[in-house]
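Chain by chain, the residues run as shown.
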Amino acid sequence: MKEDSYLIIGNHVTLVGNWEQVEITLKTFHNAGYPIRLSHEIVPNKINIIIEDFNIYLTQDMVEISKTHPKTKFVLYVTEYLTKKYGQLFLNVFSKKDYICRKIALMEVFIFSPISNLLDLSNSSRFIFYLEKIRRRIVRPILNKFFERINKSLDNEIMMARRQKNLFKIAHLFSLCISTTEAVLRGYNKLCSCKLNYLPVFVNIEKTLANRKRNRKLPTIFFSGRMTPYRKLVIDEINISKRKKNSYPLTLINLYPQDVKQDFEMKMNNLATGIFGNKIAKDATKLKKEIFSKNIEIIDITIYELLKKEVNPSFEIYIPQDVKWPYSSPNRTLLSIESGFIPLDYGNFDDHDINEVTITIDTQNISKYLKLSVNDLKPVYENLDKKIQKYNVLQSKKLIDFKNLYSQEVYNLSNIAGVSKEKSSGKSITTG
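Cut-offs applied
Residues numbered from 1 in each chain as written. Predicted model: local features only at pLDDT ≥ 70, side-chain atom pairs only at ≥ 80, totals over all residues. Heavy atoms only, no water. Buried < 20%, exposed > 50% of the residue type's maximum accessible area, 1.4 Å probe, protein only. Helix = DSSP H or I, 4+ residues; strand = E, 2+ residues; numbered from the N terminus. Pairing = 2+ DSSP bridges. Patch = residues over 30% accessible without salt bridge, like charges linked within 9 Å, V, L, I, M, F, W, Y side chains within 5 Å. Areas by Shrake-Rupley, 256 points an atom, 1.4 Å probe, with all protein chains shown as cover. Salt bridge = Lys/Arg side-chain N within 4 Å of Asp/Glu carboxyl O. Phe/Tyr/Trp six-rings, centres within 6.5 Å; stacked < 30°, edge-to-face > 60°. Lys NZ or Arg CZ within 6 Å of the ring centre and 35° of its normal. Arc of directions from axis to C-beta. Contact = heavy atoms within 4.5 Å. Core = buried A, V, L, I, M, F, W, Y, C linked by side-chain atoms within 4.5 Å. Right-handed = clockwise from strand over helix to strand, strands pointing away. Axes fitted to C-alpha atoms, helices over the stretch in contact; angles between N-to-C directions. Parallel < 35°, antiparallel > 145°, perpendicular 65-115°, else oblique. Left-handed = near helix turned anticlockwise from the far one by under 90°. Nonpolar A, V, L, I, M, F, W, Y, C, P; charged D, E, K, R; others polar. pLDDT = per-residue confidence, 0-100. Polar contact = N/O pair within 3.5 Å; in protein donor to acceptor, adjacent residues only side chain to side chain.

### Quick notes on the pairing of strand 9 (residues 216-223)
With six of eight residues buried, strand 9 lies mostly within the body of the structure. Note that strand 9 and strand 11 (residues 311-318) share five bridges and pair parallel. Across the sheet, Arg-216 pairs through a bridge with Val-311, a residue of strand 11. Bridge count for strand 9 against strand 10 (residues 296-298) is three bridges, and the pairing is parallel. Within strand 10, the position partnered with Phe-223 by the bridge is Ile-298.

Have a look at this one:
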C-alpha cells in the first residue's frame, strides 16, 4: 500500500479560486488508486502537495520542516506560467508592459515588506508606523493612478510579485511539479530541478448529465470570468455593432441589472396574453425571444450560484484575457462542462487536450449559436458527449504515465533534505 499524500489547502485565503484544482487532484488520485488526504498545514515526514500560493511564513515553515524532518516531501501543483523576460524569470509576464508593472510591484513588496508581514501595527516601531502612512497616502494613490491608466491591476501585480518571490525561495525543495496543463509546466523543471508530471483531468459524465438536467437550458450564451478591457471589447463586438448599439439600446437588455431584465420580460409576457389582440401577442413573444437570444450575457456570479436558478443559458464562452494571450482555461472548461454547459472558446487553443471538446468560435461564426432554438440544442449536446467520451479515453492512457512517474519520483525518493542540498548546488537561476 502506498503511503498517503496530503493535499495542503491552508495556504489559500479561501477555496473560491482554487476549488477546481482541489477537486481535480482528488479525482485523479482516486482514479490512480493512490491514497490522498487533506490538511490545512504541512505534515512532517509525509508527502505534501501544495497548490502554488506561497507567503513568507509558509516558505519559512517549509525550510524549517525540511531540516528537522528530512523525510518530508513536497510536490508543487503549478498554476501560473513561468516566463522569461530580459533574462529573468517571472510568473505570467508576457510583454514589456507586464515586465515594467511586475518590477514596480516587486519594489513595492520589497520596500514595504516590514509592514505586509505584520498582522498588527499597534505595537510597531515609529519607523514602520510612518512607512505605512507614506504607503497609504502617497505611494499607493500614485501607483493606482498609473496602473489604472494602462489598464492593469496594482493589487493583482503585488499579489503575483509576492507569490513569485516566495516560490523562487523554496523552489529547490520540490521533488516533483504537477499540473493539469502541460503548457503551464514548461520551465519548472529548471526552476525546481525536478521532473514534470501532467495530472490527467477526467470529465465526470454522471455529474455532467445530472447538472444538465437540473434546470431548463435556453439557447443563450454567458460569460462570468474576470472582466478585462479586451474581453469587454470582444463581448461588445459580438453583441452588437456600434451603430446598432447607439440606435437600439434595448437590444443590450442582457447586459442590464437583473431587475431591469425581469421588468422587460414581465411586460412582454403581459402583452403576449392577447390583451391587445393576437398580432401584438405574437409580436411580443417574438420580440422577447429575439432580444434575449442576441447577446452574450455578462453574469457577475459564480457558476455554482448560477446552477441554483431554474432557467440557465446553454453555452459558456471563454475569452482570453488579452489579444496576445495564447492560453485557454482548462479548469474553467472542465467546470463548465460538469456544470451542464456547452463550452465555447473564442479563438483556437492547443495547450490542453480538453480544447478538442470545446467549440471554437469567432465574431463571425458565433452568430449561428446566437440564433439556435431550444430544439436545436439536442444535437449540440450529443456531439459534446461524443467528444467527452473520446477525451476521457485519452486521459485514461495518460493516467498510466502519471502513476509511473509519481511512483518513481515521490514514493521511491529517499528524503527531501539530500535532494534539496544537491539541487541547491551549482545551478544559478536569475529571477525577477
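### Details of a nonpolar patch on the surface
On the surface, Leu-15, Trp-19 and Tyr-304 cluster together into a nonpolar patch covering about 250 Å² of accessible area. For Tyr-304, the location among the structural elements is in helix 14 (residues 303-306). For Tyr-304, a relative accessible area of 37% corresponds to the partly exposed category.

### Observations regarding the packing of aromatic side chains
For the structure shown, the criterion picks out 20 aromatic pairs. Ring plane angle 70° and centroid distance 4.7 Å describe the contact between Tyr-86 and Tyr-99, whose orientation is recorded as edge-to-face. With a gap of 13 residues between them, Tyr-86 in the loop between strand 5 (82-85) and strand 6 (88-91) and Tyr-99 in helix 3 (residues 96-111) connect regions that are remote in the sequence. Here the aromatic residues Phe-29, Tyr-34, Phe-402, Tyr-406 and Tyr-411 are joined through ring pairs into a cluster of three or more. Above the ring of Tyr-86, the side-chain terminus of Lys-85 is found at 5.8 Å from the ring centroid. The ring of Phe-341 carries Lys-217 above its face, with NZ or CZ at 5.7 Å from the centroid.

### A short note on unusual backbone geometry
Positive phi, normally seen in glycine, also occurs at Tyr-86, with a value near 55°. Despite not being glycine, Ser-193 has its phi angle at roughly 50°, a positive value. Relative to the helices and strands, Ser-193 is located in the loop between helix 8 (188-192) and strand 8 (195-198). Given the relative accessible area of 25%, Ser-193 is considered partly exposed.

### Considering helix 10 (residues 229-239)
Buried within helix 10 we find Tyr-230, Arg-231, Val-234, Ile-235, Ile-238 and Asn-239. Axial view of helix 10: buried residues confined to an arc of 165°, hence all on one face. The elements touched by buried residues of helix 10 are strand 9, strand 10, strand 11, strand 12 (342-346) and helix 16 (367-370).

### Some remarks on the pattern of salt bridges
Opposite charge on two side chains allows them to pair when their charged atoms are near. Applying the stated rule across the entire model yields 21 salt bridges. Several salt bridges converge on common partners, so that one network encompasses Glu-23, Lys-27, Lys-207 and Glu-338.

### Digging into the nonpolar core
Ranked by internal contacts, the top residues of the largest apolar core, which has 53 residues, are Ile-221, Phe-315, Ile-317, Phe-402 and Tyr-406. With residues near it in sequence (within four places) discarded, Phe-402 still touches Thr-28, Phe-29, Ala-32, Tyr-34, Ile-178, Asn-197, Tyr-198, Leu-199 and Pro-200. Among the nonpolar cores identified, the runner-up in size contains 35 residues, and Val-78, Ile-170, Leu-191 and Tyr-327 belong to it.

### Examining the pairing of strand 2 (residues 36-39)
Of the strand pairs in this sheet, strand 1 (residues 5-8) and strand 2 are connected by four bridges, and their pairing is parallel. What sits directly across from Ile-8, in strand 2, is Ser-39. Taken together, strand 1, helix 1 (residues 19-32) and strand 2 form a β-α-β motif whose crossover is right-handed.

### Let's talk about the sheet that holds strand 7 (residues 174-179)
Ordered in space as 2-1-3-4-7-8, the six strands form an open sheet in which the pairing is parallel. The outermost strands of the open sheet, each flanked by one partner alone, are strand 2 and strand 8. Here the strands of the sheet are splayed against their neighbours by 30° on average, with no regard to which way each runs. Of the strand pairs in this sheet, strand 4 (residues 73-77) and strand 7 are connected by four bridges, and their pairing is parallel. For Phe-74, the partnering residue across the bridge sits in strand 7 and is Phe-174.

### Some words on the sheet that holds strand 13 (residues 359-361)
Spatially, five strands are ordered 10-9-11-12-13 in an open sheet, and the strand pairing comes out parallel. Where the open sheet ends on each side, the last strands, each with one partner, are strand 10 and strand 13. Within this sheet the neighbouring strands show an average axis-to-axis angle of 45°, counted without direction.

### Brief notes about the packing of helix 9 (residues 205-214) against helix 17 (residues 377-411)
Interaxial distance between helix 9 and helix 17 falls to 12 Å at its minimum, and their mutual angle equals 165°. On the basis of the axis angle, helix 9 is roughly antiparallel to helix 17. For helix 9 against helix 17, the interelement crossing comes out right-handed. Along its contact with helix 9, which presents Ile-205, Leu-209 and Arg-212, the element helix 17 presents Tyr-381, Leu-384, Asp-385, Ile-388 and Asn-392. Each residue belonging to the contact of helix 9 with helix 17 can be placed in one class, and the counts come to five nonpolar, one polar and two charged.

### Quick look at the confidence of the model for the protein chain
In this model, the protein chain carries an average pLDDT of 86, and 88% of its residues clear a pLDDT of 70 or more. Within the model, pLDDT remains below 50 along residues 414-422, and this stretch shows 16 contacts once partners closer than five positions in the same chain are excluded. Predicted confidence is poor over residues 424-428, with pLDDT under 50, and the contacts of this stretch with residues over four places away or in other chains come to three contacts.

### Overview of the environment of Gln-164
By the element assignment, Gln-164 lies in helix 6 (residues 154-169). Sequence-wise, Gln-164 and Asn-55 are 109 residues apart; in three dimensions their C-alpha atoms are separated by 9.5 Å. Polar contacts involving the side chain of Gln-164 include one to the main-chain amide nitrogen of Leu-91, which spans 3.1 Å.

### A closer look at the packing of helix 3 against helix 6
In contact at an axis separation of 8 Å, helix 3 and helix 6 are set at 70° when each is read in the N-to-C sense. Judged by the inter-axis angle, helix 3 sits roughly perpendicular to helix 6. For the pair helix 3 and helix 6, the contacting residues are Asp-98, Cys-101, Arg-102, Ala-105, Leu-106, Glu-108, Val-109 and Phe-110 in the first and Glu-157, Ile-158, Met-160, Ala-161, Arg-162, Gln-164 and Lys-165 in the second. Residues that form the contact of helix 3 with helix 6 fall into these classes: eight nonpolar, one polar and six charged.

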